[in-house]
Amino acid sequence: MPSSAIEINLGIDAQDREEIVAGLSRLLADTYTLYLKTHNFHWNVTGPMFQTLHLMFEGQYTELALAVDLIAERIRSLGFPAPGTYSDYARLTSIPETIGVPKAEEMIRLLVEGQEAVVRTARSIFAVVDKANDEPTADLLTQRMQVHEKSAWMLRSLLE
């Protein structure tokens, strides 16, 4: 349900907006979950690659923290409330929680999986976004996919 009784007329019908927001809510949950995982790994990484990984993870979680705001604001622009609780994110995310503190190489693998999961979630929204001619959301999705594909590639490069 839209958050306001004021009619919203953006040129996107209410059903399409609702479907786009459902996808963006999953994207927000994945992005926040990956942010938390990356920040956790930043704090807890050890080993010979400590300095490299500590700095890389910091750059990635900082970028993710900014991204959650962009995604949430797009949801709000479409007239819906943005999910914002751990229970919402646990229900909506496709990224599993990591229990314990894995070794550095496993952290890298898990973050590659998380980056790729965010790309898949963003890509899954495109059909309805294209159908609705929602260019601002398409632009946001394209930007997010570029960032996550590049981050996944950089992380994968550390495993070779």
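Residues numbered from 1 in each chain as written. Predicted model: local features only at pLDDT ≥ 70, side-chain atom pairs only at ≥ 80, totals over all residues. Heavy atoms only, no water.

**Student:** Account for the environment of Glu160, naming residues and giving values.
**Tutor:** The residue Glu160 is located in the segment after helix H5 (135-158) in this model. Residue Glu160 is classed as exposed on the basis of its relative accessible area, which comes to 83%. Spatially, the C-alpha atom of Glu160 lies 47 Å from that of Asp13, the residues being 147 residues apart in sequence. (Helix = DSSP H or I, 4+ residues; strand = E, 2+ residues; numbered from the N terminus. Buried < 20%, exposed > 50% of the residue type's maximum accessible area, 1.4 Å probe, protein only.)

**Student:** Tell me about the environment of Asp13, residues and numbers included.
**Tutor:** The residue Asp13 is located in the segment before helix H1 (14-44) in this model. With a relative accessible area of 45%, Asp13 lands in the partly exposed category. Each C-alpha atom of the pair Asp13 and Ala132 lies 7.8 Å from the other, and the pair is 119 residues apart in sequence. In this structure the side chain of Asp13 is engaged in a polar contact, spanning 3.1 Å, whose partner is the backbone nitrogen of Gln15. (Polar contact = N/O pair within 3.5 Å; in protein donor to acceptor, adjacent residues only side chain to side chain.)

**Student:** Residue-level account of the packing of H1 against H5, with values.
**Tutor:** Between H1 and H5, the least distance of the axes is 13 Å, while the angle of their chain directions is 25 degrees. Classified by the interaxial angle, the pair formed by H1 and H5 is roughly parallel. When you trace H1 past H5, the crossing you get is left-handed. Each of Ile20, Leu24, Leu27 and Leu34 in H1 lies in contact with H5, whose residues at this interface are Thr137, Leu140, Leu141 and His148. Tallied by class, the residues present in the contact of H1 with H5 amount to 6 nonpolar, 2 polar and no charged. (Axes fitted to C-alpha atoms, helices over the stretch in contact; angles between N-to-C directions. Parallel < 35°, antiparallel > 145°, perpendicular 65-115°, else oblique. Left-handed = near helix turned anticlockwise from the far one by under 90°. Contact = heavy atoms within 4.5 Å. Nonpolar A, V, L, I, M, F, W, Y, C, P; charged D, E, K, R; others polar.)

**Student:** Provide a residue-level description of H5, including the pertinent values.
**Tutor:** Taking 1.5 Å as the rise per residue, H5 with 24 residues should run 34 Å; its terminal C-alpha atoms sit 35 Å apart, in good agreement. The complete set of buried residues in H5 reads Thr137, Ala138, Leu140, Leu141, Arg144, Met145, His148, Ser151, Ala152 and Leu155. Close packing links the buried residues of H5 with H1, helix H2 (50-77) and helix H4 (104-131). (Expected span 1.5 Å × (residues − 1).)

**Student:** So what's going on with the pattern of salt bridges? Which residues, and what values?
**Tutor:** Under the counting rule described, the total for this entry stands at 8 salt bridges. Here Arg109 makes a salt bridge to Glu105, at a shortest N to O gap of 2.7 Å. Linking Arg109 with Glu105, this pair stays in helix H4, spanning 4 residues, or about one helical turn. Judged by relative accessible area, which is 37%, Arg109 ranks as partly exposed. Residue classification places Glu105 among the partly exposed positions, given a relative accessible area of 45%. Salt-bridge contacts for Glu116 lead to Arg156; the nearest nitrogen and oxygen are separated by 2.7 Å. Taken together, the residues Glu116 in helix H4 and Arg156 in helix H5 connect sequence positions 40 residues apart. By relative accessible area, which is 35% here, Arg156 ends up partly exposed. A cluster of three or more residues bridged by salt bridges with shared partners is formed by Glu105, Glu106 and Arg109. (Salt bridge = Lys/Arg side-chain N within 4 Å of Asp/Glu carboxyl O.)

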